[in-house]
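# Understanding the architecture of this molecule
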Amino acid sequence: MTAHRWRGTFVYLGALAGLAAIAVARFGGLPFEQAAPTVAGSTLPAGDTGGSTSGSGPATPDATTSPSNPGTGTTDPSTVTVGGDVAQTPYGPVQVAVTFTGTRIVDVQTVQAPVGPESSQIAARSTPVLAQEVVSAQSAHIDTVSGATYTSEGYRESVQSAIDARG
Amino acid sequence: MSTITPPRPSPGTEQPGRAAAPDRPGSLALRALLALAVVAVTVFWWTGTPSGTGTTPGGAVTALGELTGLVASVLVCAQVLLTGRVPWFERSVGLDRLVSWHRTLGTSVVLLVLTHVLLMVLGGALLSRNALWSQAVTIVTTQPEMLSAVAGTVLFVLVGATSARLLRASLSYEAWFVVHLSVYLGIYLTFGHQIAAGAHFVGDPAARLVWILLYAGTAAALLTWRVVLPLADVARHAPRVTAVVPEAGGMTSVWVSGSGLGDLGATAGQFFLVRFLVRGHLVSAHPYSVSAARTGDHLRFTIGALGDHSRAVARLRPGTRVLLEGPFGRFTAARARRRGVLLIAGGAGVGPVRALAEELRLRGHDVVVVHRARSAADLGLGGELAAEGIDYRPVVGRRSELGHDPLDAGHLVALVPDLERRDVFVCGPPGMVATVVRSARAAGVPRSAVHHEELSLS
Ligand SMILES: Cc1cc2nc3c(=O)[nH]c(=O)nc-3n(C[C@H](O)[C@H](O)[C@H](O)COP(=O)(O)OP(=O)(O)OC[C@H]3O[C@@H](n4cnc5c(N)ncnc54)[C@H](O)[C@@H]3O)c2cc1C
Ligand code: HEM
Ligand code: HEM
C-alpha cells in the first residue's frame, strides 16, 4: 500500500480532467457568445419565456424606455414601461420589463427566463411571485423564492436596472 | 501450552491443484459498479443542465461546480460503503484492498469537495460580478442549509488532513480514529444543501427522492453490517477470552471461545477485528489473524508487542468479553495452486503463517516455512512450527549485523532452491513483504502464485 503514495492525488487530477472534458462536451466547447446588447424594444412580448436573447459582459445599455410608447403609457401619460438589463444566471438569461405609473411600480413582466425541462417549470412557478413581491415592495429589494435562487437574483438585478434607468 | 485442546483436525479433501482462483471478477465488478454510478450521475447532470448555462463563463463554471459536487457526493457514499463491511465486497475484494481503495478515493473526495466549493463561489462571483469573498458570504447567507454545509465540509477537510501521511504519523491510532468518525456527522451536515439548494433537485421531486434513497440506502447498509449483525453475533456467540499464553519473543497467544463461534467459518490466514471489552481496549478494534487452523468454536490470536494495545494484551484476564468482526481476508490456503508452497513469516506475521502451514499440510501440500526474526529469542511459535513435520527454516539476525538482506532474491533462492515451483505466501511488516514479493518475482514465480498480507491497514 505504501507503493501508491500519490495515487489519491492522481485519481483526483484525472477525475478533474474528466469532469472538465464533460463540461466542454456539454456546452459544445463554443466560445462564449459575444451577443450584441439587445434593445428591449417593441419585440417585447410580455411573458415570453422562450426569449433567445442572450447577452454577456458589462451591463448592457438596453434599459431604454419602450419605443412603442416612447416615454408614455397607452392611456395615462405618466405610465411607462422600461425594459431592464439582461441578467445572466447559470441557467440562462433573465430579463424583465417594469411598468411605472408616475413613480409607482404597477406591473412587472418577464421578458425572458431560463428555459429547459426544469428551468421553465421553475420560472413559471417563481416569476409571478417575484412580480408580486416587486409590486408590493415598490423596489428590487425582494425575498428569494425558494428553489429559484438564481432566477430570483437575476430578477432582482434586471428590476433594479429598470428602476435605475427610469431614474 | 494452553488449557484448550483443539478438536482433532480432519485432513482436507480438496485437491490442492484445483483450488479456487482469486476472485478477480468480483473486484472488477465492484469497480464497474463504481464507474457506473459516476456515469449515471453525470448523465443526470447532463440532461438537467440547460445548454444556455454554458453561454457565460460564470454559468459554465457554476455548472461544472455542480457536476463536481454531484460526483463527490456519490463518492462519499462509496467511501462509506467501502469500509461498511458489505459481505459481497469483502468476499470479492477483501478488506485490506477495500481499505486501500478507500484511502485513494478519500484523498480524491476531499479534493473534489474543495473544488466544488471553489467553483460554486467562483461561478457565482463571475455571474454577479462580486468579489470572491463577498460572493462566498452571499451564498452562505442567501442559500438554504449552507451553514451546515460549511460545517460539514470543515469536518471533511479535518478528516482528510489527519489522514494525510504527514499528520497521520504524529497521531495515535485512537486520536486519528476519533477524528475520522466525525465524518459521519460531516456527511449528515452536507446533505441538506444538496437537495435544498441544488439546481438539479429543487424543481425535481423524483431526483430528490432518488438522492434521498441513495443516502438512506447507504445508512441502512451501514446499520445492518456494522451495527446490527455484529451485535447479533456477539449476543449469539458470547465470545470470551478463555486463555492467555505467553510466547517467545514477547508475543502473547489469546484464546477466544464462544458457543457456535465455528459457524463464523474462519479459515487459516484470515483475521478478525478484535475489541476486548475492558478498559483501555474499548475505543478501537484491532485486526488480528487466527494463528491456529480448524479449532472449531475456539479461536487463537497470537499478538506481538508492537504498540500500546498489543502490549496490554498480555494483561488480559480470562473471562473478558470480546467483540469480533469478521472473518476477513483472502490470504488463505484456497489460494495455493501448486503442491509445493513456501511460507515466509516476519514479526507478528508468524501467527497467520502458523495457521496456514498447518492447514496446507493437512491439505496435502509440501510446506516450507521461512521464519525471519532479529534473534533466536524472537522466534515466537517456532517450536510449534518445527514440531509440525514441516520443513522449518528459521533465519535470524539483523540486516545490519548480517551485512545483507537474507530475503533478497539471491539469498532466498539459495535458501529455497526450488522456490520457482512453489506458491509463495508472505506475511509481515510492509517493508519485508515488499522485499519478498520482489525476490519471488525475480526468481520466476508468477504473480498469481505470490500471495501476501501486510500487517497494516493504514
Ligand atoms: C490484516 C492484519 C492482520 C494482522 N494480524 C496480526 C496478528 O495476527 N498478530 C499481531 O500481533 N498483529 C497483527 N496485525 C497488526 C496489529 O493489528 C497491530 O499491530 C495493532 O493493531 C497495533 O495496535 P497498538 O495500539 O498496539 O499499536 P500502535 O502503537 O497504536 O500502532 C502500531 C501500528 O499499528 C497500527 N494500528 C494500530 N491500531 C490499529 C487498528 N485498530 N487497526 C489497524 N491498524 C492499527 C498503527 O497504524 C500503527 O502503524 C495485523 C494487522 C492487519 C492489518
Ligand atoms: C483522505 C483520506 C482518507 C484516508 C487515508 C482514510 C483512511 C481510512 C482508514 C484506514 C479507515 C479504517 C478502515 C477500517 O478499519 O475499516 C477508514 C475508515 C473510514 N473512513 Fe476513511 N479515509 C479517508 C477519507 C475518508 C472520507 C473522505 C470519508 C467519507 C466521506 C471517509 C469515511 C470513512 C468511514 C465511514 C470509515 C469507517 C469508520 C468506522 O470504523 O466506522 N474516509 N478511513
Ligand atoms: C463550504 C461548503 C459548500 C458550499 C459553500 C457549497 C455550495 C453549494 C451551492 C451554492 C450549491 C447549489 C447551487 C446550484 O446547484 O447551482 C450546492 C449544491 C450541491 N452541493 Fe455543495 N457546497 C458545499 C459543500 C458540499 C459538499 C461537502 C458536498 C458533497 C459531499 C456538496 C455537494 C453538492 C451537491 C451534490 C449539490 C447539488 C448540485 C446540483 O443539484 O446541481 N457540497 N453546493
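These lines cover the structure that appears in this document, whether it is placed above or below.

Thresholds, definitions, all that
- Residues numbered from 1 in each chain as written.
- Chains lettered and ligands numbered in written order.
- Predicted model: local features only at pLDDT ≥ 70, side-chain atom pairs only at ≥ 80, totals over all residues.
- Heavy atoms only, no water.
- Near = heavy atom within 4 Å.
- Polar contact = N/O pair within 3.5 Å; in protein donor to acceptor, adjacent residues only side chain to side chain.
- Helix = DSSP H or I, 4+ residues; strand = E, 2+ residues; numbered from the N terminus.
- Nonpolar A, V, L, I, M, F, W, Y, C, P; charged D, E, K, R; others polar.
- Contact = heavy atoms within 4.5 Å.
- Buried area = accessible area lost by both parts, 1.4 Å probe.
- Salt bridge = Lys/Arg side-chain N within 4 Å of Asp/Glu carboxyl O.
- Buried < 20%, exposed > 50% of the residue type's maximum accessible area, 1.4 Å probe, protein only.
- Areas by Shrake-Rupley, 256 points an atom, 1.4 Å probe, with all protein chains shown as cover.
- Donors = N, O, S within 2.8 Å, 3.2 Å for Na, K, Ca; no water.
- Tetrahedral: all angles 85-135°; square planar, octahedral: opposite > 155°, others 65-115°.

### Quick look at the site of ligand 3
- In the vicinity of ligand 3 lie 25 residues, with E66, H116, H193, A199 and H200 of chain B positioned nearest.
- Chains contributing residues to the immediate surroundings of ligand 3 are chains A and B.
- Contacts to ligand 3 include E66 of chain B, whose side-chain N or O atom sits 2.3 Å from an oxygen atom.
- Between ligand 3 and the protein, one listed contact pairs an oxygen atom with a backbone N or O atom of A199 of chain B at 2.8 Å.
- No other element matches helix 2 (residues 57–82) of chain B, which puts 5 residues into the shell around ligand 3.
- Broken down by class, the residue content of the shell around ligand 3 amounts to 14 nonpolar, 10 polar and 1 charged.

### Some thoughts on the interface of chain A and chain B
- Listed by partner, the interface residues are 39 residues for chain A and 45 residues for chain B.
- Summed over both partners, the interface of chain A with chain B buries about 3,900 Å², with 62% contributed by carbon and sulfur atoms.
- The tally of links from chain A across to chain B stands at 0 salt bridges.
- Where chain A packs against chain B, one counts 7 residue pairs in polar contact (both at pLDDT 80 or more).
- Sorting the residues of the side of chain A that touches chain B by element identifies helix 1 (7–26), strand 2 (87–89), helix 2 (119–137) and helix 3 (149–166) of chain A as the ones contributing at least two each.
- It is helix 1 of chain A that contributes the most residues to the side of chain A that touches chain B, 12 residues altogether.
- Its residues placed into classes, the side of chain A that touches chain B shows 20 nonpolar, 11 polar and 8 charged.

### Some points on the environment of V159 of chain A
Residue and element names in this part refer to chain A.
- Positionally, V159 belongs in helix 3.
- Its relative accessible area of 0% is what places V159 among the buried residues.
- The sequence separation of V159 and Q95 amounts to 64 residues, and the corresponding C-alpha distance is 8.1 Å.
- Discounting chain neighbours no more than four positions away, the residues touching V159 are V96, V98, V108, V134 and A140.

### As for the site of ligand 1
Residues and elements named next belong to chain B.
- As a matter of local geometry, ligand 1 sits amid 25 residues, with A285, H286, P287, G304 and S310 nearest to it.
- At 3.1 Å from an oxygen atom of ligand 1 is found a side-chain nitrogen or oxygen belonging to R168.
- In the complex, 86% of the free accessible area of ligand 1, which totals 890 Å², lies under the protein chains.
- Secondary structure elements with two or more residues in the shell around ligand 1: strand 4 (286–289), strand 5 (298–303), helix 12 (308–312) and strand 11 (450–454).
- Ranked by residues supplied to the shell around ligand 1, first place goes to strand 4 with 4 residues.
- Broken down by class, the residue content of the shell around ligand 1 amounts to 11 nonpolar, 10 polar and 4 charged.

### A word on the coordination of the iron atom of ligand 3
Residue and element names in this part refer to chain B.
- On the protein side, the iron atom of ligand 3 has H116 (NE2) and H193 (NE2) as donor atoms, found 1.9 to 2.0 Å from it.
- The site at the iron atom of ligand 3 holds 6 donor atoms, and with the angles between them running 86 to 179°, its shape is octahedral. Within this pair, whereas H116 is found in helix 4 (residues 95–128), its partner H193 is found in helix 9 (residues 183–197), the two being separated by 77 residues in sequence.
- Overall, the relative accessible area of 17% leaves H116 in the buried class.

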